[in-house]
Every structure is written in structure tokens, then in C-alpha cells.
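Letter by letter, the chains look like this.
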Amino acid sequence: MTTKTATSRTFLLSKRRHSVRWFAPLQPEHVSSIQRVHEVVAQANNHSLWISDEKPLTDTLLHALASRTGSWGTMVLLYQPALASIPVLSRHFHRVVFGSGKGLLPPAELAEVLAAPNKADLFIGGMVDADSKTLTLWRGDLATLTVPFTAFPPSGDGITPDFSAFAVSDCGHTIRLGAYEAATEALLYEYDPLYRRRIARERRKEERSFGAALRRLRKQRGVRRADFGSLSAKTIARIEQGKVDPDHLRPSTLGIIAKRLAVEPSDIKTY
Amino acid sequence: MPVELKLPVYLRRARWKVKIQEKESREPPHVSILRGTDKWRLNLRTGALMDRRPTPSDIPRELLDLIKGNWRWLCEQWDAKYPDNPVEGSEE
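Note that the coordinates shown come from a computational prediction; the quantities given were computed from them, not determined experimentally. (Residues numbered from 1 in each chain as written. Chains lettered and ligands numbered in written order. Predicted model: local features only at pLDDT ≥ 70, side-chain atom pairs only at ≥ 80, totals over all residues.)

Structural notes on the overall build of chain B
Next, step 1: When its secondary structure is counted, chain B shows three helices and four strands.
Next, step 2: Helices and strands appear in chain B in the N-to-C order β-α-β-β-β-α-α.
Next, step 3: For chain B, whose C-alpha radius of gyration is 13 Å, the value lies close to the compact-globule estimate of 12 Å for 92 residues.
Next, step 4: Within chain B, buried positions represent 33% of all 92 residues. (Helix = DSSP H or I, 4+ residues; strand = E, 2+ residues; numbered from the N terminus. Rg over C-alpha atoms; globule rule 2.2 N^0.38 Å. Buried ≥ 20, exposed ≤ 12 C-beta atoms within 10 Å, placed from the backbone.)

Following this line, the structure appears as C-alpha cells:
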């Protein structure tokens, strides 16, 4: 659950009681009247998150902001805005997401993702552009990622994507294209260089383990897991995968490994 | 269509899902374990979880036992989906 601070308030523009329940994880300020819209504008800033399922309230907000400058945060519209409203929205909010039906996650899941610490790594919705053959996806931090249709190759069992049946599901972990389901992280890894670098950094950190060092050294020496005499390939695999605490290895086991790899036991972890 | 392991009602109600999805040909063979905004990947070659976060201990023992009980089936499903990256491919 997010912490409600003076710098990151959420405003829910809605007249529907169930919307308040759905978006409760975000602890929003509920705005259900035109009068209230004018009042909350004074409390908003460029970190605010606005969610609206009520077009008249959004229009009132845009009108109230018309004479003001700067960004008023980010906006999620749970309906399809008029084309003419999009430039106005873009002027006042640095990120705008909109959609209805399957173009966005169901409201309860949407709220869960928007409140999640890993929201930037999950998708909340998107739009298919059949003309340019691209799919633009919105992440939980409302940033966009555009990928070509070719990002979704048929799988070995013959499942092909149906771009007319786009939906986001599984709390943003999955892009559904009919019977075809793509994992969000596979798309982010392929099309977002910053995400890829972060994951690579995290993996490198994990690669500093004793098991990873042993694996690197073994491959460097061209030795197979089955080549450690009385130690089975399975045992070597378990050590490399970190399933065996290196501090609990018997000196004799460590000695066999070190001898086969022609290093001192204490040097293995340095590789 | 993704492969989804059938789970007992109490695990489904707790929002657990176990899937093999499309578009994962570049990853080591694995199943995805999903619950809400959390996701774990379990390597079908090694039986080890591929990510340190979220905390592996959050996954109920019954769910892991169910996956183990269907291991062969899950491996077959992976191989059908990714014939160029089979489970029996060498980890070495």
C-alpha cells in the first residue's frame, strides 16, 4: 500500500460508490461534485495522480486548470475521451492514460497495480494501432512502451496473436492477444533498455555468489560437471545453483573441486 | 493458448496461478507463478526459483508440491511451446 504524502495525492473523480471501494488501496481524495473539483485543485501539484470515470467532472477540472500553467501530475481516464480533449489533457498532465473495456485492467486490479512498488514493471492497459502494426502499452507509472506486432512470434504449439482481441490481465503481468499470452517482463526486457540494464545489474549481483564463481571457473577450464571424480554431476550442479551453502561444504569436497580445477580452495570464489 | 496448471479452489481463491506463457523463448525453460502483482519463475531444468524477489517463502508449500507432482507434464508443455529451447537442453 502506498503512503499518502503531501506531495503525491490521489484524486478520484467519480460519482460511483463502487469506484471508491475499488480504488481504496490508493487512499484517494474522493471528488464527486463540481464544487469539490474547484476545491481540490488548490491541493494538487505535479506529483498528483488523478483518476476519473466521470467526464463532466474531468471537463470541470480541465476548465479550472485552463488559466494555470505547469503540470498537475498524471491522469487516468476510465473512459475514452473525445479527440479534441487529448491536447488539453496533455497540456495539464505529463502522462495521460485512457481506455475502457479491455483496453485497461479491471478497476480493482488497476488500483492494485497503481499502488504496487513494482508498478513500473507491470502494464495497466494499451492500444492497438492496426495501421502502423504497433501496440502501445501503458505501465503502472503511466509511462508508455510501443512494440511492433512482430514482437509476438507464433509459439511452437501453433498459437498466434490476435491483435483484435487485446487485453491486459493477471494484474499487469500478461498481455493477452486472443489465445496468445505474452509475459510483460519478456516485452520489457526486449524493448526497454533501462529495464534490461537494471535486470542485468541485479543478475550480476547474484552472479557474485560462490556457485556462480565455481561455474565460471569450471567453464573456463573446460571441465564438465561429471568430471569431478567421486562427486556427482548433481552435487556440482547443486553447489553452482546455490542450493548448498558453501560455508557448509566439507573440506574434502572443496579439495576435490579445487584439485580438479587446479586452484587453491580459497581461490574459487575469486573467479 | 497459455498452459495453465489446474489448481484447487482454495489456491485459486487466494489468486494463485501457474502458467507457461508465450514469447519466452529466450528464457531458460520455466513456469510462471503468479499472485496479484507478484510473480516468481521456477526453472524447469534446475527446479530453482530464478529470481530472489519476491520472497520465495511466500509461495505455499502445497503449490510447490502440486508443481512437482506435475513436473513431467509441465516440461512436456514447455517443449511443445518452445521446441528450439527444450527442457533437456544442456544447462552446462
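Having put the structure on the table, let's press on.
With respect to the sheet that holds strand β9 (residues 166–169) of chain A
All names here are of chain A.
Next, step 1: Read from one edge to the other, the open sheet built from three strands follows the order β9-β10-β11, with strand pairing classed as antiparallel. The open sheet has two edge strands with one neighbour each: β9 and β11 (180–183). Ignoring strand direction, the axes of neighbouring strands in this sheet form an average angle of 25°.
Next, step 2: Examined bridge by bridge, strand β10 (residues 174–177) and β11 share four bridges and lie antiparallel to one another. Following the sheet pairing, I175 is matched in β11 by A182. (Pairing = 2+ DSSP bridges. Axes fitted to C-alpha atoms, helices over the stretch in contact; angles between N-to-C directions.)

Quick word on the domain arrangement of chain A
Next, step 1: Each assigned domain of chain A is listed with its residue range as follows: domain 1 (10–98), domain 2 (114–202) and domain 3 (207–270).
Next, step 2: Taken over C-alpha atoms, the centre of domain 1 of chain A sits 58 Å from the centre of domain 3 of chain A. (Domains from an automatic or database assignment.)

A short note on the interface of chain B and chain A
Next, step 1: Counting residues at the interface gives 20 residues for chain B, matched by 26 residues for chain A.
Next, step 2: Those elements that provide at least two residues to the side of chain B that touches chain A are β3 (30–35) and α3 (71–81) of chain B.
Next, step 3: In the side of chain B that touches chain A, the residues fall into seven nonpolar, five polar and eight charged. (Contact = placed C-beta atoms within 7 Å. Nonpolar A, V, L, I, M, F, W, Y, C, P; charged D, E, K, R; others polar.)

Structural notes on helix α5 (residues 107–114) of chain A
Every α-helical turn comprises 3.6 residues, leaving residues that sit three or four positions apart pointing alike.
Residues and elements named next belong to chain A.
Next, step 1: Most of α5 is tucked away: six of the eight residues are buried.
Next, step 2: Of all the positions in α5, only E109, L110, A111, E112, V113 and L114 are classed as buried.
Next, step 3: Where α5 is buried, its residues contact α1 (17–22) and β6 (123–129).

Considering unusual backbone geometry
Next, step 1: Unlike most non-glycine residues, D170 of chain A shows phi in positive territory, near 55°.
Next, step 2: Its location among the elements puts D170 of chain A in the loop between β9 and β10.
Next, step 3: Of note, the phi angle at R15 of chain B is positive, near 75°, even though the residue is not glycine.
Next, step 4: Residue placement: R15 of chain B occurs in the loop between α1 (9–13) and β2 (16–20).
Next, step 5: Residue classification places R15 of chain B among the exposed residues on the basis of 12 C-beta atoms within 10 Å.

Description of the pairing of strand β4 (residues 74–77) of chain A
All names here are of chain A.
Next, step 1: What you see with β4 is no split at all: T74 and V76 on one side and M75 and L77 on the other are buried throughout.
Next, step 2: Handedness of the crossover is the feature at issue here: the chain leaves strand β3 (residues 49–52), passes through helix α3 (residues 55–65), returns alongside β4, and the resulting connection is right-handed.
Next, step 3: Across four bridges, β4 lies against strand β5 (residues 95–98) in parallel orientation. Bridge pairing in β5 places V76 opposite V97.
Next, step 4: Between β4 and its parallel partner β5, the chain crosses via helix α4 (residues 85–92), and the hand of that crossover is right-handed. (Right-handed = clockwise from strand over helix to strand, strands pointing away.)

Quick notes on the sheet that holds β3 of chain B
Residues and elements named next belong to chain B.
Next, step 1: With antiparallel pairing, four strands are arranged side by side in an open sheet as β1-β2-β3-β4. Lying at the two open borders of the sheet, with one neighbouring strand each, are β1 (3–4) and β4 (38–43).
Next, step 2: Here β3 pairs with β4 via six bridges, running antiparallel. Bridge pairing in β4 links S32 to R41.
Next, step 3: Relative to the sheet, α3 contacts β1, β2 and β3, its axis offset from that of β2 by approximately 45°.

Regarding the confidence of the model for chain A
Next, step 1: When pLDDT is averaged along chain A, the result is 91, and 97% of the positions lie at 70 or above.
Next, step 2: When the criterion is pLDDT under 50, residues 1–6 of chain A qualifies, and its contacts beyond four places in sequence or with other chains add up to six contacts. (pLDDT = per-residue confidence, 0-100.)

Brief notes about the nonpolar core
Next, step 1: Core analysis: the largest hydrophobic core is formed by 46 residues, its most contacted members being L13, V113 and I124 of chain A.
Next, step 2: Among the elements that take part in this core, α5 of chain A stands out by supplying four residues, more than any other.
Next, step 3: Looking at which domains feed residues into this core, each of domain 1 (10–98) and domain 2 (114–202) of chain A supplies at least three.
Next, step 4: Residues within four places of I124 of chain A in sequence aside, it is in contact with V97, L104, L105, L110, V113, W138, R139, G140, V168 and G172 of chain A.
Next, step 5: L5, L42, L74 and V87 of chain B belong to the second largest nonpolar core, which has 13 residues in total. (Core = buried A, V, L, I, M, F, W, Y, C linked by C-beta atoms within 7 Å.)

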